[in-house]
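Notes for the structure review
Residues per chain, in single letters:
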Amino acid sequence: MAIRKNLSADSSNIELIPKRSGISGNIKKIIINNTDGSNALVVTHLDHFDGSNEFQIISNVNIPVGASLVLSDNIAFDSNIYALRITTSNSATSTIIIN
């Protein structure tokens, strides 16, 4: 089942898949869509977080208006140990889809 999250401008440490939530970290694809009509989306960081340490997947990535970023290589993780989090900036709205 896909997870879909709509984020408003400048979202900080949003848990896409919380640690020990029962949601599997066995994911195949993350799609980050910039849905804003005028601002580029800045993904300040997408990380795995164990409660103390951040393990960066991507950081400071600019996604132009109307564009998407697809991550599909080696992104599965153990959701009993880590949460999947995202922080965005630049006042852009976005939609995140996780399969």
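A short tour of the structure in this document, coming up. (Residues numbered from 1 in each chain as written. Predicted model: local features only at pLDDT ≥ 70, side-chain atom pairs only at ≥ 80, totals over all residues. Heavy atoms only, no water.)

Some points on the packing of aromatic side chains
Considering all chains together, one arrives at 1 aromatic pair under this definition. Ring plane angle 85° and centroid distance 5.7 Å describe the contact between F55 and Y82, whose orientation is recorded as edge-to-face. Of the two residues, F55 is situated in strand β5 (residues 54-63) and Y82 in the loop between β6 (68-71) and β7 (83-89); the sequence distance between them amounts to 27 residues. By relative accessible area, which is 24% here, Y82 ends up partly exposed. The ring of F49 has R85 sitting right over it, with the charged end atom 3.9 Å from the ring centre. (Phe/Tyr/Trp six-rings, centres within 6.5 Å; stacked < 30°, edge-to-face > 60°. Helix = DSSP H or I, 4+ residues; strand = E, 2+ residues; numbered from the N terminus. Buried < 20%, exposed > 50% of the residue type's maximum accessible area, 1.4 Å probe, protein only. Lys NZ or Arg CZ within 6 Å of the ring centre and 35° of its normal.)

Let's talk about the pairing of β5
Here 8 bridges tie strand β4 (residues 41-49) to β5, and the two strands are oriented antiparallel to one another. Each bridged residue has a counterpart across the sheet, and for V42 the counterpart in β5 is N62. If you look at the hairpin formed by β4 and β5, you'll find 4 residues sitting between the two strands, and G51 has a positive phi there, around 110°. (Pairing = 2+ DSSP bridges.)

Section: the nonpolar core
Judged by nonpolar contacts, the single largest core of 20 residues is most densely connected at I30, I32, L46, L84 and I98. Elements with a contribution of two residues or more to this core: β1 (3-7), β2 (14-17), β3 (30-34), β4, β5, β7 and β8 (94-98). (Core = buried A, V, L, I, M, F, W, Y, C linked by side-chain atoms within 4.5 Å.)

Quick look at the environment of D10
Note that D10 resides in the loop between β1 and β2. Through-space distance from the C-alpha of D10 to that of I27 is 25 Å; in sequence the pair is 17 residues apart. If near-sequence neighbours (up to four positions away) are discounted, D10 is found in contact with T88, S89, N90, S91 and A92. A distance of 2.9 Å separates the side chain of D10 from the backbone nitrogen of S91, its partner in a polar contact. (Contact = heavy atoms within 4.5 Å. Polar contact = N/O pair within 3.5 Å; in protein donor to acceptor, adjacent residues only side chain to side chain.)

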